[in-house]
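Descriptive structure summary
For reference, the chains in residue letters:
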Amino acid sequence: QVQLVESGGGLVQAGGSLKLSCAASGRTFSSYAMGWFRQAPGKEREFVAGISGSGGSTYYADSVKDRFTISRDNVKNTVYLQMNSLKPEDTAVYYCAARRTVVPGTTDRTYDYWGQGTQVTVSS
């Protein structure tokens, strides 16, 4: 069982930056691929970014590529999402998720554990 706790959300103006963190419990963090997803009001949850267990491979949705960076610290059992050049359309609840494999996926149903989410609001 893995427990995930996100933090770092908040209100920011367009063009600003935020860094989300997701702390994971357990002693085998590096054996889990991690992902960030988001869900805006009235929309389906969508993939944002993923990272392999070692951190050597990363994947991004086209909508955030070159603006967001996913990283992980396997000593601190934490995954991060650095979000730059934020846009109003980035407004959503952001969730981190863990997958029982070292290779990340882009589909939410392939992830096994989820955090409670953190709200990100970008004002225009």
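Quick look at the structure, then. These numbers were taken from a predicted model, which means no experiment stands behind them.

**Description of a nonpolar patch on the surface**
Judged by side-chain polarity, Tyr59, Val102 and Val103 come together as a nonpolar surface patch covering roughly 250 Å² of accessible area. Looking at the secondary structure, you find valine 102 in the loop between strand 9 (92–99) and strand 10 (113–114). Valine 102 gets classed as partly exposed once you look at its relative accessible area, which sits at 44%.

**Section: the pattern of salt bridges**
Taken as a whole and assessed by the stated rule, the structure comprises six salt bridges. Salt-bridge contacts for arginine 45 lead to aspartate 108; the nearest nitrogen and oxygen are separated by 3.3 Å. Of the two residues, arginine 45 sits in the loop between strand 4 (33–39) and strand 5 (46–51) while aspartate 108 sits in the loop between strand 9 and strand 10, which places them 63 residues apart along the sequence. For arginine 45, a relative accessible area of 30% puts it in the partly exposed group. Residue lysine 65 is joined to aspartate 62 by a salt bridge in which the shortest nitrogen-to-oxygen separation is 3.1 Å. For lysine 65, a relative accessible area of 40% corresponds to the partly exposed category. If you follow the salt bridges from partner to partner, you end up with Arg38, Glu46, Arg67 and Asp90 in one network.

**What to know about the nonpolar core**
Ranked by size, the top nonpolar core spans 33 residues in total, and within it Leu4, Met34, Trp36, Leu81, Met83 and Tyr94 carry the most contacts. Listed by contribution, the elements that provide at least two residues to this core are strand 3 (18–24), strand 4, strand 5, strand 7 (68–73), strand 8 (78–83), strand 9 and strand 11 (118–123). No other element matches the five residues that strand 9 contributes to this core.

**Observations concerning the packing of aromatic side chains**
Within this structure, the stated rule accounts for six aromatic pairs. Judged by centre distance (5.1 Å) and plane angle (55°), the rings of phenylalanine 37 and tryptophan 114 are tilted. A residue pair is termed long-range when its members are at least 10 positions apart, and phenylalanine 37 in strand 4 and tryptophan 114 in strand 10 qualify at 77 residues. Using a relative accessible area of 25% as the deciding quantity, one classes tryptophan 114 as partly exposed. Among the aromatic residues, those joined into a ring-pair cluster are Phe37, Phe47, Tyr95, Tyr111 and Trp114. Its guanidinium or amino end placed over the ring of phenylalanine 29, arginine 72 lies 4.3 Å from that ring's centre, counting from NZ or CZ.

Conventions we followed
- All residue numbers here refer to positions counted from 1 along the written sequence of the relevant chain.
- Restriction of local features to residues with pLDDT of at least 70 applies here, the model being predicted, together with a cutoff of 80 or more for giving and counting side-chain atom pairs; totals for whole chains, interfaces and linings are based on all residues.
- To obtain the side-chain values, all non-hydrogen atoms of the structure were used and water was disregarded.
- To count toward a patch, a residue needs a relative accessible area over 30% and no salt bridge; like charges are then connected within 9 Å, while nonpolar side chains (Val, Leu, Ile, Met, Phe, Trp, Tyr) are connected within 5 Å.
- Accessibility throughout is a Shrake-Rupley quantity obtained with a 1.4 Å probe, and a residue counts as covered only by protein chains that appear here.
- Salt bridges are defined by distance alone: a side-chain nitrogen of Lys or Arg within 4 Å of a carboxyl oxygen of Asp or Glu.
- Comment: elements are numbered from the N terminus, with helices defined as DSSP H or I runs of at least four residues and strands as E runs of at least two.
- Throughout this description, buried means an accessible area under 20% of the type-specific maximum (1.4 Å probe, protein chains only), exposed means over 50%, and partly exposed covers the range between.
- Here, the term nonpolar core denotes a set of buried Ala, Val, Leu, Ile, Met, Phe, Trp, Tyr and Cys residues that are joined through side-chain atoms within 4.5 Å.
- The aromatic pairing rule takes the rings of Phe, Tyr and Trp, using the six-membered ring of Trp, and pairs them if the centres are within 6.5 Å, calling planes under 30 degrees apart stacked, those over 60 edge-to-face and the rest tilted.
- Consider the ring centre and the ring normal. A charge sits over the ring if Lys NZ or Arg CZ is within 6 Å of that centre and within 35 degrees of that normal.

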